[in-house]
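For reference, the chains in residue letters:
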Amino acid sequence: MTTDPDASAIAAEILRQTAERGEGKSICPSEVARALAPGEAWRPLMGRVREAAVALSREGGIEILRKGKPVPPEQVRGVIRLRRPAGA
């Protein structure tokens, strides 16, 4: 655990958690931030976690959900969840 993970560490944690959660199940970006930073230090990571999620979505590694439905990376706003694409 580190309070200043780089983009690759954040992406790796997103992929690890979405794989662990399983197909069809999603995670909250805050779960990733909390896993990478202790105590309240996770809050400043949220923007970087969202950026990493958008990058992974563009690569096809994850889906970003809004109100339970996949959204394109360029339409990400508000509350989101992350999951592996079906069959991944």
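Structure: see above.
Below is a summary of the structure that appears in this document. Because the structure is a prediction, the values reported are computed rather than measured.

### Some words on the environment of valine 79
Right, so step 1: One can find valine 79 in the loop between strand S2 (69-71) and strand S3 (81-83).
Right, so step 2: A relative accessible area of 68% means that valine 79 is categorised as exposed.
Right, so step 3: Ignoring anything within four residues of it in the chain, the contact list for valine 79 reads Leu65 and Arg66.

### A word on the pattern of salt bridges
Right, so step 1: Counting across every chain of the model gives six salt bridges.
Right, so step 2: Ionic pairing is found between glutamate 31 and arginine 21, a salt bridge with its closest N-O pair at 2.6 Å. Taken as a pair, glutamate 31 in helix H2 (residues 29-36) and arginine 21 in helix H1 (residues 7-21) lie far apart in primary sequence, ten residues in all.
Right, so step 3: Of the residues examined, arginine 21 reaches a relative accessible area of 36% and is grouped as partly exposed.
Right, so step 4: As a salt-bridge pair, glutamate 40 and arginine 43 come within 2.7 Å of each other at their nearest N and O atoms. Arginine 43 shares its class with glutamate 40; the two are exposed.
Right, so step 5: Overlapping salt bridges, with partners in common, bring together Glu13, Arg16 and Glu20 in one network.

Rules and cut-offs
- Positions within a chain are numbered from 1, following the residues in the order the chain's sequence is written.
- A pLDDT threshold of at least 70 governs which residues receive local features in this predicted model, and a stricter bar of 80 or more applies before side-chain atom pairs are shown or counted, although totals over entire chains, interfaces and linings include all residues.
- Note: side-chain values were computed over all heavy atoms of the structure, leaving out hydrogens and water.
- By the criteria applied, helices consist of DSSP H or I runs no shorter than four residues and strands consist of E runs no shorter than two, each listed in order from the N terminus.
- Here the term buried applies to any residue with accessible area under 20% of the maximum for its type, exposed to any over 50%, and partly exposed to those in between, with areas from a 1.4 Å probe on protein chains only.
- The criterion used for residue contact is that any of the two residues' heavy atoms lie within 4.5 Å.
- Salt bridges, as used here, are contacts in which a Lys or Arg side-chain nitrogen is within 4 Å of a carboxyl oxygen on Asp or Glu.

On their own, these measurements won't tell you what the molecule is for.
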